[in-house]
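Report on the structure
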Amino acid sequence: MAATNERVIFEKEGVFIHTAVANSDDTLLAGKVSLVEKDGGFDALLDWKAVEESNFEVQGSEGSGQPTWGTVSFHRSAAQTVASPESVNFHAKKNRYAINFSLLELKSIRRSSPSLGWSYLLFVLKDGATLPALHFHEGGSKAMMKAMEKYVSITRSPHDNRLFVVTPNDTEALSRSFDELQLFGESSGDLVSNTNVKGKATRFLRAAGQTKKKFFRDPYTTTLGGFSKVTNFLRDTLIAPNGHPTQRPPDEMADLLSEELPGLDIQPTENEFDLITRASLGPRPDVERRQPVSPDQWKNHQDGEGRITSIPLLLEAIFRGGIHPSLRKEVWPFLLEYYKWDSTHKDRLELRKRKEDDYFRMKLQWKSITEDQESRFTELRDRRSLIEKDVNRTDRTHPFFEGEQNPSLTLLYDILMTYCMYNFDLGYVQGMSDLLSPILMVMENEVDAFWCLVGFMDRVHHNFETDQQGMKTQLIQLQTLVHFLDPQMYTYLESKESANMYFCFRWLLIQFKREFSFPDIMRLWEVHWTDYLCQNFHLLLCMAILDTEKSAMMDNYLGFNEILKHINDLSLHIDVEDIMKKAEGIYIQIAECRDIPKPIRDILAIKSERDADNGTSTTESADSGGSARSADSSIEIVPDQEETTF
């Protein structure tokens, strides 16, 4: 019977050891397997005991009175295709057949092949001991592994889909790795001190339930796909004390992040890579940027009733130079589809009145919920708590948000809470406060900022959805672009276990918000929002930054850990104009390529020659006036040029 501080969390009968003694036929040793929680929930024992006598014998020291090492030899029949070890060792007592070990002693688990007909699990301990396989004749192996995941992280090997690597749920080590990634940005005194990581981790896991239990098994994938579910835990426990990151040893960090992540497998097929490397790239052209759109230019693009005219030319002007700061409050609502391009002044006044009513009606919904109601509304409580914490940490060093009792913080909070009423499914996800803060600064109005945020989130909502598909797709696309544009850099990243492009994750998630100053990110966002040049221009911005940093990474032989640190250290040290010029040059370089591979055309929505002949386009108009937002399609196709790379 388990001790008072232990409890059985899993139990299954009909679990057998298959033994063979002196080359005899297989002997089935029936037993019962249990998982027994101990140490206040931080560890569990796996316990298997035989439930009937058999002719199984243990070879060991006679009369020692101590547990002995036993050697069990077993073999498989010709009909069985699963390969089993010739000899395994396990702890046993004379005349009492038992397996008992802490999950923290586990190194790996091997599962049987589906062709066997039933499942077995083979356990290897950290000291090298291989224990007899437990055969689940009546099922239950998956359920047991699932129960084990509360106490240890179980990750499928990228090289063998039957092998699972077991590591402790070391929350402090995990904290160091996330600090190195700096996914959550601010290293300031505002951040909660990490005073009791282990206790908070346990409370988090116990409260998380089925939808959150994957976090410690696969922390990075779960983080990518479910920020709204795990952010509170990450913010409060995965940032080093006093905001000072500590570097995780490279081998530990590689173990955490370089394994194939089950929910985020971003490896293109070999055939796809073979295809995209057959094209030849010509030289990359130099690109010049223009001056921002001025008030006079903006006025010239409006008719007498306020409709915007010559939309493609205006979008091109914004793409090539941005918008004068004094115009952003007026122009951003068009770019974010709050206003329609063909609307009149009167139309916009009427629309704004309706939108204002809609906003305050939704705001009233959450403000009118009583404390008693909220006590039974867990989702709202959790979202409110997360928003309160994030608002107090968002851009607090900027004059617009600095200081206590700042009314801008109240507006930030109210808008994010109201968005939860607007989008019940998504609610609040960490990163949204980063996206809202520059918008609120520009619009200087609660209602207008809210509807502009809605437009921005309509563009990037896939980044935060729990199925992970949005981030997965972008990482695949970026990886494909790197392989096509610069095979040398791709090979280097692959050799450093960095070809998965995870180090670009923060760029994609919050659209480079942490990488640039406020004036620069405003310029970059408005350029990107035009959708003028191509689809997925932000991926070309990533390529431009990587191209700029290629020499620093390769010449200094940066490894896995060093690449992560180098990329994070670029924050606020990137020339936004240079990157935008380079990104446009990369696009032209690709567009002028003979026989652009289909994966690249699909990513950037570049028309093929057949599409051009048929008068069709892979890029649909994104503005309400029906004007195309793609660049001039009459780009000359340059005949055979000397192949170049970055």
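For every chain, the first residue of the written sequence is number 1, and numbering continues from 1 along that sequence. Two thresholds apply to this predicted model, a pLDDT of at least 70 for residue-level local features and 80 or more for giving and counting side-chain atom pairs, whereas whole-chain, interface and lining totals are computed over all residues. Where side-chain values are given, they derive from all heavy atoms of the structure, hydrogens and water being excluded.

As annotated in an unreviewed UniProt entry, the protein chain carries the name TBC1 domain family member 15 and is attributed to Branchiostoma floridae. Looking at the protein chain in UniProt, the text filed under Function (unreviewed entry) is "Acts as a GTPase activating protein for RAB7A. Does not act on RAB4, RAB5 or RAB6." UniProt positions are given in the numbering used here, feature names are shortened, and annotations may be inferred rather than shown by experiment.

Bringing the overall build of the protein chain into the picture now. From N to C terminus, the protein chain includes 26 helices and 11 strands. By definition in these notes, contact holds between two residues if any of their heavy atoms fall within 4.5 Å. Once local pairs closer than 6 in sequence are excluded, the contacts in the protein chain between residues at least 24 apart make up 70%. Accessible surface area values rest on a Shrake-Rupley calculation with a 1.4 Å probe, where residue burial reflects the displayed protein chains alone. Total accessible area on the protein chain is roughly 29,500 Å²; 47% of this is exposed by carbon and sulfur atoms. Helix and strand assignments follow DSSP, with helices taken as H or I runs no shorter than four residues and strands as E runs no shorter than two, numbered in order from the N terminus.

Core analysis: the biggest nonpolar cluster contains 128 residues, and L540 and I590 have the highest contact counts within it. If one sorts the elements of this core by residue count, helix α22 (residues 537-555) sits on top with 11 residues. Setting aside residues up to four positions removed in sequence, I590 forms contacts with L281, L481, F484, L485, L540, I596, I600, L604 and I606. Nine residue types can take part in a nonpolar core, namely buried Ala, Val, Leu, Ile, Met, Phe, Trp, Tyr and Cys, and a core is a set of them joined through side-chain atoms within 4.5 Å. Burial classification: accessible surface area is computed with a 1.4 Å probe over protein chains only, and a residue below 20% of its type maximum counts as buried, one above 50% as exposed, and the rest as partly exposed. One finds V33, M144, F164 and V166 within the second-largest nonpolar core, a separate group that totals 30 residues.

Here we come to the packing of aromatic side chains. Here a pair means two rings of Phe, Tyr or Trp (six-membered ring of Trp) with centres within 6.5 Å. Their orientation is stacked below 30 degrees between planes, edge-to-face above 60, and tilted elsewhere. Enumeration over the complete set of coordinates arrives at 22 aromatic pairs. The interplanar angle of 25 degrees and the centroid separation of 4.6 Å between the aromatic rings of Y338 and Y339 together place this pair among those described as stacked. Using a relative accessible area of 6% as the deciding quantity, one classes Y338 as buried. Seen from their ring centres, F450 and W451 are 4.9 Å apart, and the 85 degrees between their planes marks the pair as edge-to-face. On the basis of relative accessible area, W451 is assigned to the buried category, the value being 7%. These aromatic residues form a ring-pair network of at least three members: Y359, F360, Y419, Y422, F450 and W451.

Note on placement: S343 falls in the loop between α11 (328-335) and α12 (345-367). When sequence neighbours within four positions are dropped, the list of residues in contact with S343 reads G306, R307, F334 and R348.

Turning our attention to the sheet that holds strand β2 (residues 27-38). Should DSSP find at least two bridges between two strands, the strands are regarded as paired. With respect to topology, 9 strands assemble into an open sheet ordered β6-β3-β2-β1-β9-β8-β7-β11-β10, the strand pairing being antiparallel. The open sheet has two free edges, formed respectively by β6 (98-102) and β10 (152-156), since each of these has just one partner strand. Strand-to-strand twist across the sheet, computed as the mean angle between neighbouring axes with direction ignored, equals 30 degrees. For strand β7 (residues 106-111) and strand β11 (residues 163-168), the ladder comprises 3 bridges, and the chain directions are antiparallel. When the sheet's bridge partners are listed, I109 is paired in β11 with F164. Lines fitted to C-alpha atoms define the axes here, with helix axes fitted over just the stretch in contact, and angles between the N-to-C directions of these axes take values from 0 to 180 degrees.

What a helix is expected to span follows from its residue count: subtract one and scale by 1.5 Å. Taking 1.5 Å per residue, 12 residues should reach 16 Å; helix α16 (residues 432-443) reaches 16 Å between its end C-alpha atoms and fits that length. Of the surrounding secondary structure, the elements contacted by the buried residues of α16 are α11, α14 (378-391), α15 (407-422), α17 (446-460) and α21 (518-529). The positive-phi residue at the C-terminal boundary of α16 is E444, with phi of around 55 degrees.

Right, let's talk about the environment of R7 for a bit. Of note, R7 is situated in strand β1 (residues 7-19). Note: C-alpha distance between R7 and E37 (30 residues apart in sequence) is 5.3 Å. The residues contacting R7, other than those within four sequence positions of it, are L35, V36, E37 and K150.

Below, the discussion takes up the environment of E494. Relative to the helices and strands, E494 resides in helix α19 (residues 487-495). Through-space distance from the C-alpha of E494 to that of F560 is 9.8 Å; in sequence the pair is 66 residues apart.

A few words on the pairing of β6. Within a regular strand, side chains alternate between the sheet's two faces. Summarising burial for β6: 4 of the 5 residues are buried, a large majority. By the bridge criterion, 5 bridges tie strand β3 (residues 43-50) to β6 in an arrangement that is antiparallel. Across the sheet, residue L45 finds its bridge partner in β6, namely S102.

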